[in-house]
Amino acid sequence: MSIFADAATRLVIQGITGREGSFHARQMIEYGTNVVAGVTPGKGGQTFEGKVPVFNTVADAVRATAANTAVIYVPPMGAAAAVIESADAGIPLVVCITEGIPVMHMSRAMPFVRSRGARLIGPNCPGLITPGSRTKIGIIPGNICSAGRVGLVSRSGTLTYEVVNHLTRNGIGQSTCVGIGGDPIIGTNFIDCLAAFEADPETDAIVMIGEIGGTDEQNAAAFVREKVTKPVVGFIAGQTAPKGRRMGHAGAIISGSSGTAEEKLAAFEAAGIEIMRRPVDVVTLLEKARQNGVKT
Amino acid sequence: MNLHEYQARTLLKAVGIPMFDGDVASTPTEAEAIARRIGGSVVIKAQVHSGGRGKAGGVKLARNPGEAADEAAQILGMTIKGLTVHKVLVVPAAEIATESYVGLIMDRETQRPVFMVSSAGGVDIEEVAAKTPEKIVRLPVDPTYGLYPHQALSLAFALYRDFAQVKAAAKMIEQLYRAFIDNGAALAEINPLVTTPDGRVLALDAKIVIDDNELFWRPDLGLLRDDSAEEPSEAAARRANLSFIKLDGNVGCVVNGAGLAMATMDLVKYYGGEPANFLDIGGSSSPEKVINALKIITADPHVKAILFNIFGGITRTDDVANGIVAATRQFKVKVPIVIRLTGTNEAEAIRILNEVGMTALSDMDEAVQRAVQLAREGA
């Protein structure tokens, strides 16, 4: 098993004929993902590379192919509308890769997504990958991943690759790797992923990669302390980042926090999360967890 | 993108928010003329993207136009937290009865614009929030429906007892919400919102931050950007589509992805070095971006070694290699370069580098340690 993406995934790609969309469509198909449809308004009836039918709307794609997951490679100004379209078509899992969406657009999209009972991952994220079922939704390079029992959740893109690469090179496989995205408003947060990994019988340990800014990591740490029985290993990027880049008084007032690395690491420590000082430390810390009686 | 106080004033005035008279000046003569027009005592305020202007000597009282010229001459050209003052705002030295706070921010937690108001406004508002959070009244707004009149009224009742003042404040709160939405703001703040001894309600100081992602389709807002208010290297980087922050160390860093860039800086520090910058060349990195990145980093005389840390995903490592080779042909890089690259098209990248006698490492820790060592030797 895994979380969010598996052999039952039937993927529709929004923006399949665009530059980014077509490149990554090929990569996802090559990896083994079950891509059942593409959507580009005005290009309905065409076929992508002789394999994937293209539709004008997501609703058409769902009717014809029973797609159950959508991935979005639409440019920033139309991306939030694409999220809404997929949720409106009844797609339960929507993954938005697009970077640069105005925050106000997401603020309007999120209540709609929730009202349809859909889950959004992203935006501005690398997506997710389940190596065991060869299911890749997004842009995480498939060749650095390997199947196994460690779940990984991250706010970052390339830093995720760095950590996954250490895992794979040291024989530690992954159940699912999820990049939740770095934007102020995202559909799925650390806690959602931690809860899913905790419930997944095929995940034995969890790696969590955070960054400075906001309070998501602190909230996640509190969740780990109360609800997570599996070992968690964590990293916070930005310990040397300059302080004082701040947004008026309101930023500090609203969260009661400055979102520094120290604050987040202290929250990790209090929650019993093993802290990686360097990305490579993930290997020894998971090994330690395994020796303590947890299979990885 | 931060706006100056005088720019924020213009946007708030445009939606009808009442403010004291005032204008912006670039020279002491202009400041004097504005002071003469206003009449009486005025306050001269430095226009820089930094808090604590008053404590740094960037806000001064002038009792007449002559003093206004003198104070403006002192403030113009001064440096506050590394930023040079190019403009001053001249406003009347108003008599104030009360100071309140009205802020509107796009909140991560509720994923909505959230109003925060307090009758205890002024420079110590953060202390008020930390020590007496009950004095801050919050209200999340669903942007699909907008701010309802009763919501604005309830916020205003938290500020004033006098119903005329409540109505005036409620109107301003609605206007602030409109300015926030119309300008794609991430933050809009009036601090303080004041009452005068004769009972009027006015905005005394304003702050607006625009969501950078709005600028793509709002070139009119982009025009408000003040390049001279930024660190010059950061302005140059932004024009080259690079995300760059200058720091004080001597190891220059070129990385793809913000998270990996921060982790690289952290690792430089871990191995005893000091990063000279944060630099994210982004996802689709053309050779041109690498050339621009190297130009900006080598312009800093403190940099004694340059570290490339590239994990190819969307980024093709051969593009980066081509950029490094092209840059070193275009101009002489006088400090050693350590290159770590792995991922997409790695073999081709290594071939390109080897052809010109350069090598690449595949391990991040090894590359960082070497760059730190070389920077130490070069210092």
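**Section: the packing of helix α11 (residues 317-330) of chain B against helix α12 (residues 346-355) of chain B**
Residues and elements named next belong to chain B. Running from amino to carboxyl end, α11 crosses α12 at an angle of 15°, the nearest separation of the two axes being 7 Å. Put simply, α11 runs roughly parallel to α12. The interaxial crossing formed by α11 with α12 has right-handed handedness. Judged by residue contacts, Thr-317, Asp-318, Ala-321, Asn-322 and Val-325 of α11 engage Glu-346, Glu-348, Ala-349, Ile-352 and Leu-353 from α12. Classifying every residue of the contact of α11 with α12 gives five nonpolar, two polar and three charged.

**Some remarks on the sheet that holds strand β13 (residues 232-237) of chain A**
As summarised here, the arrangement of the seven strands in space is β9-β8-β11-β10-β12-β13-β14 (chain A), forming an open sheet in which the pairing is mixed. Every interior strand has two partners, whereas the edge strands, β9 (135-138) and β14 (274-275) of chain A, have only one. Of the strand pairs in this sheet, strand β8 (residues 127-130) of chain A and strand β11 (residues 174-179) of chain A are connected by three bridges, and their pairing is antiparallel. Residue pairing for β11 of chain A: Gly-127 of chain A is matched across the bridge by Gly-179 of chain A. Along the sheet face, helix α1 (residues 19-31) of chain A touches β8 and β9 of chain A and points at about 165° away from the line of β9 of chain A. Against the sheet, helix α9 (residues 258-270) of chain B touches β12 (205-211) and β13 of chain A, its axis set at about 90° to β13 of chain A.

**Some thoughts on the domain arrangement of chain A**
Residue and element names in this part refer to chain A. According to the domain assignment, chain A contains domain 1 (11-121) and domain 2 (127-291). One C-alpha centre belongs to domain 1, the other to domain 2; they are set 26 Å apart. The partner domain 2 presents 19 residues to the 20 residues of domain 1 that form the contact. Run the count over domain 1 and domain 2 and you get one salt bridge. A salt bridge links Asp-192 to Arg-119, with the shortest nitrogen-to-oxygen separation between them at 3.8 Å. Counting every contact that joins domain 1 to domain 2 gives six residue pairs in polar contact (both at pLDDT 80 or more). Contributions of two or more residues to the side of domain 1 that touches domain 2 are made by α1, β5 (69-72), α4 (103-115) and β7 (119-121).

**Quick word on empty space enclosed by the protein**
Residue and element names in this part refer to chain B. What the rule picks out here adds up to two cavities of 30 Å³ or more. The computed volume of the largest cavity comes to approximately 40 Å³. Residue lining of the largest cavity: His-4, Tyr-6, Gln-47, Thr-84, His-86, Lys-87, Asp-226, Ser-228 and Ala-229, and that is the complete set. Looking at side-chain class alone, the lining of the largest cavity contains two nonpolar, five polar and two charged residues. Considered as a void within the structure, the second largest cavity measures approximately 30 Å³ in volume.

**Regarding the sheet that holds strand β2 (residues 35-39) of chain A**
Working definition: the strands of a sheet are paired by backbone hydrogen bonds and lie parallel or antiparallel to each other. Residues and elements named next belong to chain A. Across the sheet, which stays open at both edges, the seven strands sit in the order β3-β4-β2-β1-β5-β6-β7 with mixed pairing between neighbours. Since the sheet does not close on itself, it has two edges, and those belong to β3 (47-48) and β7, each with one partner. Strand direction decides the pairing type here: strand β1 (residues 11-14) and β5, joined by four bridges, are parallel. Each bridged residue has a counterpart across the sheet, and for Gln-14 the counterpart in β5 is Ile-72. Relative to the sheet, helix α3 (residues 76-88) contacts β1, β5, β6 (93-96) and β7, its axis offset from that of β6 by approximately 170°.

Conventions adopted
- Residues numbered from 1 in each chain as written.
- Chains lettered and ligands numbered in written order.
- Predicted model: local features only at pLDDT ≥ 70, side-chain atom pairs only at ≥ 80, totals over all residues.
- Heavy atoms only, no water.
- Axes fitted to C-alpha atoms, helices over the stretch in contact; angles between N-to-C directions.
- Helix = DSSP H or I, 4+ residues; strand = E, 2+ residues; numbered from the N terminus.
- Parallel < 35°, antiparallel > 145°, perpendicular 65-115°, else oblique.
- Left-handed = near helix turned anticlockwise from the far one by under 90°.
- Contact = heavy atoms within 4.5 Å.
- Nonpolar A, V, L, I, M, F, W, Y, C, P; charged D, E, K, R; others polar.
- Pairing = 2+ DSSP bridges.
- Domains from an automatic or database assignment.
- Salt bridge = Lys/Arg side-chain N within 4 Å of Asp/Glu carboxyl O.
- Polar contact = N/O pair within 3.5 Å; in protein donor to acceptor, adjacent residues only side chain to side chain.
- 1 Å grid on protein atoms, 1.4 Å probe; cavity = no way out; pocket = protein on both sides within 12 Å on 5 of 7 lines; lining within 4 Å.
- Points joined across faces, edges and corners; volume = space filled by probe spheres on them.

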